[in-house]
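# Secondary and tertiary structure notes
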Amino acid sequence: QVQLVEAGGGLVQPGGSLRLSCTTSEGTFSSYTMGWFRQAPGKDREFVALITWTGTTYYADSVKGRFTISRDNAKNAAFLQMNNLKPEDTAVYYCAATRRFIIYAAAGYNYWGQGTQVTVSS
């Protein structure tokens, strides 16, 4: 069982930045594709970004150019740098892990963190 722990959420003003982290003690972290998803109240969970074990990245159109996903395999950690945040980015953000190489659907991820709240408001 892979356990994921997110951190870094909070309240930020529009235009501000936050950096989310996702850590695990899983020794084979480097063999997983890591994804970030978010879920706003009353909405479905949606794909935000993913990074494969080779380092290839993919982004949702809504965050492209503002968010950057990265990973540090030596630290068993994945990150989501969020810049120029907008009120519509407000959601609970989840990291997830999968053995599949590239998959955007939440159903394709086997392991999930508990989520961290991001609120963008003035």
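Residues numbered from 1 in each chain as written. Predicted model: local features only at pLDDT ≥ 70, side-chain atom pairs only at ≥ 80, totals over all residues. Heavy atoms only, no water.

## Some thoughts on the packing of aromatic side chains
Rules: Working definition: rings of Phe, Tyr and Trp (its six-membered ring) pair if their centres are within 6.5 Å, and the pair is stacked with planes under 30 degrees apart, edge-to-face with planes over 60 apart, and tilted otherwise. A run of H or I in DSSP becomes a helix once it reaches four residues, and a run of E becomes a strand once it reaches two; helices and strands are each numbered from the N terminus. A 1.4 Å probe rolled over the protein chains alone gives each residue an accessible area, and that area as a share of the maximum for its type sets the label: buried under 20%, exposed over 50%, partly exposed in between. The criterion is that NZ of a Lys, or CZ of an Arg, lies within 6 Å of the ring centre and within 35 degrees of the ring normal, and then a charge sits over that ring.
Inspection of every chain in the model, using the stated rule, returns 9 aromatic pairs. Taken together, a centroid distance of 5.9 Å and an interplanar angle of 75° make the contact between Phe 37 and Phe 47 edge-to-face. Placement of the pair is Phe 37 in strand β4 (residues 33-39) and Phe 47 in strand β5 (residues 46-51), with a sequence separation of 10 residues. Given the relative accessible area of 1%, Phe 37 is considered buried. You can call Phe 47 buried: its relative accessible area is 14%. Between Tyr 58 and Tyr 104, the ring centres sit 6.0 Å apart and the planes meet at 85°, which makes this aromatic pair edge-to-face. Of this pair, Tyr 58 sits in strand β6 (residues 57-59) while Tyr 104 sits in the loop between β9 (91-98) and β10 (111-112); the two residues are 46 residues apart in sequence, bridging distant segments of the chain. Residue Tyr 58 is classed as partly exposed on the basis of its relative accessible area of 27%. A connected cluster of aromatic rings, assembled from ring pairs, spans Phe 37, Phe 47, Tyr 58, Tyr 94, Tyr 104, Tyr 109 and Trp 112. One Lys or Arg, Arg 45, reaches over the ring of Tyr 94 and ends 3.8 Å from the middle of that ring. Sitting over the face of the ring of Phe 29, Arg 71 holds its NZ or CZ atom 4.7 Å from the ring centroid.

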